[in-house]
Amino acid sequence: MSKLTMDKLVALCKNRGIIFPGSEIYGGFANTWDFGPVGVELKNNVKKAWWKRFVQEDNSCYGVDAAILMNPRVWEASGHIQSFGDPKMDCKNCKTRHRADTIIENFSKGTVSAEGMTNEEMEKYIAEHDIKCPNCGKRDWTSIRKFNPMFITSRGTLEEDADKVYLRPETCQGEYVNFLNVQRTMRAKIPFAIAQIGKSFRNEITPGNFLFRTIEFEQMELQMFCKEEDSMNIYNNYKEKALKFVKDLNVKEENLRFHDHDKLAHYAKAACDIQYNFPIGWQELNGIHHRSTWDLSRHQEYSGKNLQYTDPFTNEKYTPNVIEYSIGADRLTLLLLCEAYDEQQLEDGETRVVMHFHPAIAPYKVAVMPLIKKLHGEKAEEILTILNKEFMTQYDESGSIGKRYRRQDEIGTPYCVTIDDDTINNGTVTIRDRDTMQQITLKVEELVEYIKEKIKFI
Ligand code: ATP
């Protein structure tokens, strides 16, 4: 198989109704993408699989769907407003934008931390060490300017009265502010988790690489509230559970690895990413973070509300530790697209592109194909109406059967059902497996159960 590149994947996604460039008829809008009819199914299935595994199958985990627009004080407590103004500079030669502190840290291979440096000190360091643009190799920097990592909008109908509000850059604050609401209403006992899937928005400095880093994306994440003495165990369990989840979606182990952080935020006790071998190299898929009592303590301080938990048996009052597991729905979708992609040389000399998605996340589960439209079309439509009550089902009656199979292979449909004379005479259909290309014969009434069994995500 020739090597998968992002460009190849972008082209396939565009041509097959998976993902389109955002606002395309206006020339696009950089780093935004629109999921098409096939892609929306794929991403919904990814989210469903995650929710099933981490919320439905865990009775100590409760879901929420919090508002995107939050009281601006939330972002003071989270530290986002204070950190407004990440130091950034542009390369005048190639017009790329970079974080000055990251440039220094990368240049010094982590031996120099730019955290406490002023902009002037960073500019001096960059000049003295002749640090060049990692993109074009020239040193032609603008001065360092503050960068705003959150999208700002305003609340209020009169411009002069309008208050600033922010599009959330992370979903987790919706869980922290609802900690007591969920605990009380669900009579939840520690350890318990609150999970959420929702949109986040970041004014990323270096967005790009298709879905990998965008300015608007969905996060699937949970915050587990626990006692300090249990926290490291819970952290390690989530590392394993997070890895198993991706492997269970048919991602090869050799393409995944843990990356434990050596540099931690001052409040964090441990942090780890799971990385995937993307076409752009090993990159973060998700994060698992031990955040100590930091988040709840900060919200307690900024809201003035007591967010302590009272142990129902001992009456002990304490601020729980938090273990966070956070994964981008779009980034995982990109990973699954990369992992599924395959180009196979067939015996007849043709090449087929096939997406080997786990059947649970495949956009369409089955395609119905009358062998000859005129003879078998009516029966095929009858079978379509049985199947599409249960599954996302495609119907394709045009072109040779071989061509129709290829179209389904390219969007990863695990099963194709062909309707022919045997269906009309004996009530049987042939069902073809995407991966093995083998066909078996089934009775029409066996179809639904057969497919249901095959597409389970356990
Ligand atoms: P990165 O180091 O890649 O910027 P992060 O450490 O800032 O990520 P978190 O804030 O922990 O990431 O977000 C959790 C997850 O959300 C990431 O592991 C990733 O899957 C996803 N994610 C974060 N930023 C983006 C983005 N700009 N576009 C798409 N997905 C993202």
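What counts as what
- Residues numbered from 1 in each chain as written.
- Predicted model: local features only at pLDDT ≥ 70, side-chain atom pairs only at ≥ 80, totals over all residues.
- Heavy atoms only, no water.
- Helix = DSSP H or I, 4+ residues; strand = E, 2+ residues; numbered from the N terminus.
- Buried < 20%, exposed > 50% of the residue type's maximum accessible area, 1.4 Å probe, protein only.
- Contact = heavy atoms within 4.5 Å.
- Areas by Shrake-Rupley, 256 points an atom, 1.4 Å probe, with all protein chains shown as cover.
- Lys, Arg positive; Asp, Glu negative; His and termini not counted.
- Charge placed at Lys NZ, Arg CZ, Asp CG, Glu CD.
- Salt bridge = Lys/Arg side-chain N within 4 Å of Asp/Glu carboxyl O.
- Near = heavy atom within 4 Å.
- Polar contact = N/O pair within 3.5 Å; in protein donor to acceptor, adjacent residues only side chain to side chain.
- Nonpolar A, V, L, I, M, F, W, Y, C, P; charged D, E, K, R; others polar.
- Pairing = 2+ DSSP bridges.
- Core = buried A, V, L, I, M, F, W, Y, C linked by side-chain atoms within 4.5 Å.
- Phe/Tyr/Trp six-rings, centres within 6.5 Å; stacked < 30°, edge-to-face > 60°.
- Axes fitted to C-alpha atoms, helices over the stretch in contact; angles between N-to-C directions.
- Parallel < 35°, antiparallel > 145°, perpendicular 65-115°, else oblique.
- Disulfide = S-S within 2.5 Å.
- Expected span 1.5 Å × (residues − 1).
- Domains from an automatic or database assignment.
- Buried area = accessible area lost by both parts, 1.4 Å probe.

A. Molecular detail of the overall build of the protein. In terms of regular secondary structure, the protein is built from 14 helices and 23 strands. On the principal axes, the C-alpha backbone points of the protein span a range of 80 × 65 × 50 Å. Burial status across the protein gives 50% buried among its 458 residues. Taking all contacts inside the protein whose residues are at least 6 apart in sequence as the whole, residues at least 24 apart take part in 64%. Roughly 22,700 Å² of accessible area belongs to the protein as shown, and the carbon and sulfur atoms make up 48% of that amount. Here the protein contributes 61 positively and 69 negatively charged side chains, and the mean placements of these two sets differ by 1 Å.

B. Main features of the pattern of salt bridges. Evaluated as defined, the whole model comprises 39 salt bridges. Between D330 and K43 there is a salt bridge whose closest N-O contact spans 2.8 Å. Linking D330 in helix 10 (residues 329–340) with K43 in helix 2 (residues 37–56), this pair joins segments that are 287 residues apart in sequence. Considered together, D330 and K43 belong to a single accessibility category, that of buried residues. The residue E316 makes a salt bridge to K227 at a minimum N-O spacing of 3.6 Å. With E316 in the loop between strand 14 (309–310) and strand 15 (317–318) and K227 in the loop between strand 10 (216–226) and helix 8 (228–248), this pair connects stretches of sequence that are 89 residues apart.

C. Representation of the site of the ligand. Surveying the vicinity of the ligand reveals 17 residues, the closest of which are R202, E204, R213, E284 and L285. At a separation of 2.6 Å, an oxygen atom of the ligand approaches a polar side-chain atom of R213. Notes on the ligand: free accessible area 580 Å², of which the protein chains cover 81%. Elements supplying a minimum of two residues to the shell around the ligand: strand 10, strand 13 (281–290) and strand 16 (321–328). Looking at the shell around the ligand, the element that brings in the most residues is strand 13, giving 5 residues. Of the residues belonging to the shell around the ligand, the class tally is 5 nonpolar, 7 polar and 5 charged.

D. Representation of the pairing of strand 16 within the structure. By the criterion of burial, strand 16 is predominantly enclosed, with 8 of the 8 residues buried. The side-chain alternation of strand 16 yields two buried faces, one formed by N321, I323, Y325 and I327 and the other by V322, E324, S326 and G328. Pairing of strand 10 with strand 16, which is carried by 8 bridges, proceeds in the antiparallel orientation. Looking across to strand 16, one finds that Q219 is bridged to G328.

E. A look at the nonpolar core. Counting residues in each nonpolar core, the largest one holds 63 residues, and the members touching the most others are W50, Y238, F245, Y325 and L332. Not counting residues within four places of it along the chain, the set of residues in contact with Y325 comprises W50, F54, M220, E221, L222, Y238, A242, F245, N286, G287 and I288.

F. Seen up close, the packing of aromatic side chains. On inspection of all chains with the given rule, the structure shows 18 aromatic pairs. An angle of 70° between the planes, with centres 5.5 Å apart, marks the rings of F54 and F245 as edge-to-face. Of this pair, F54 sits in helix 2 while F245 sits in helix 8, and the two are 191 residues apart along the sequence. For the pair F54 and F245, one class covers both residues: buried.

G. Focus on the packing of helix 1 (residues 6–15) against helix 10. At a minimum axis separation of 11 Å, helix 1 and helix 10 run at an interaxial angle of 100°. The angle between helix 1 and helix 10 falls in the class roughly perpendicular. Across the interface between the two elements, M6, L9 and C13 of helix 1 pack against L334, L337 and C338 of helix 10. Residue classes in the contact of helix 1 with helix 10 are distributed as 6 nonpolar, no polar and no charged.

H. View of the side chain of D396. Within the secondary structure, D396 sits in the loop between strand 20 (393–395) and helix 12 (401–410). Looking at D396, the relative accessible area reads 9%, which means it is buried. Only 3.1 Å separates the side chain of D396 from the backbone nitrogen of S398, close enough to count as a polar contact.

I. Representation of helix 12 in the model. Counting buried residues along helix 12, 7 of its 10 residues qualify, which places the element largely inside the surrounding structure. By the burial criterion, the buried members of helix 12 are I401, R404, Y405, R406, Q408, D409 and E410. G412 sits one or two positions beyond helix 12 and adopts a positive phi of about 75°.

J. Summary view of the state of the cysteines. Enumeration according to the criterion identifies 0 disulfides in this entry. Summary of cysteine pairing: C13 is not part of a disulfide, and the nearest cysteine sulfur, belonging to C338, is at 8.8 Å. Looking at the unpaired C172, the closest cysteine sulfur is the one in C61, lying at 14 Å. Classification of C172 as buried rests on a relative accessible area of 3%.

K. How the structure looks around helix 8. Helix length check: helix 8 (21 residues) gives 30 Å between terminal C-alpha atoms against 30 Å at 1.5 Å per residue, within 8%. All of the buried residues in helix 8 are S231, I234, Y235, Y238, K239, A242, L243, F245 and V246. Just past helix 8, the residue N250 takes up positive phi, approximately 70°.

L. Structural view of the domain arrangement of the protein. The domains assigned to the protein are domain 1 (6–68 + 172–337) and domain 2 (364–454). Between domain 1 and domain 2, the C-alpha centre-to-centre distance is 37 Å. With 6 residues of domain 1 at the interface, the matching set in domain 2 holds 5 residues. It is R16, V38 and E41 in domain 1 that bury the most area against domain 2; as a group they hold 69% of the surface buried on that side. The salt bridge involving R16 is made with E410; its shortest N-O contact spans 2.5 Å.

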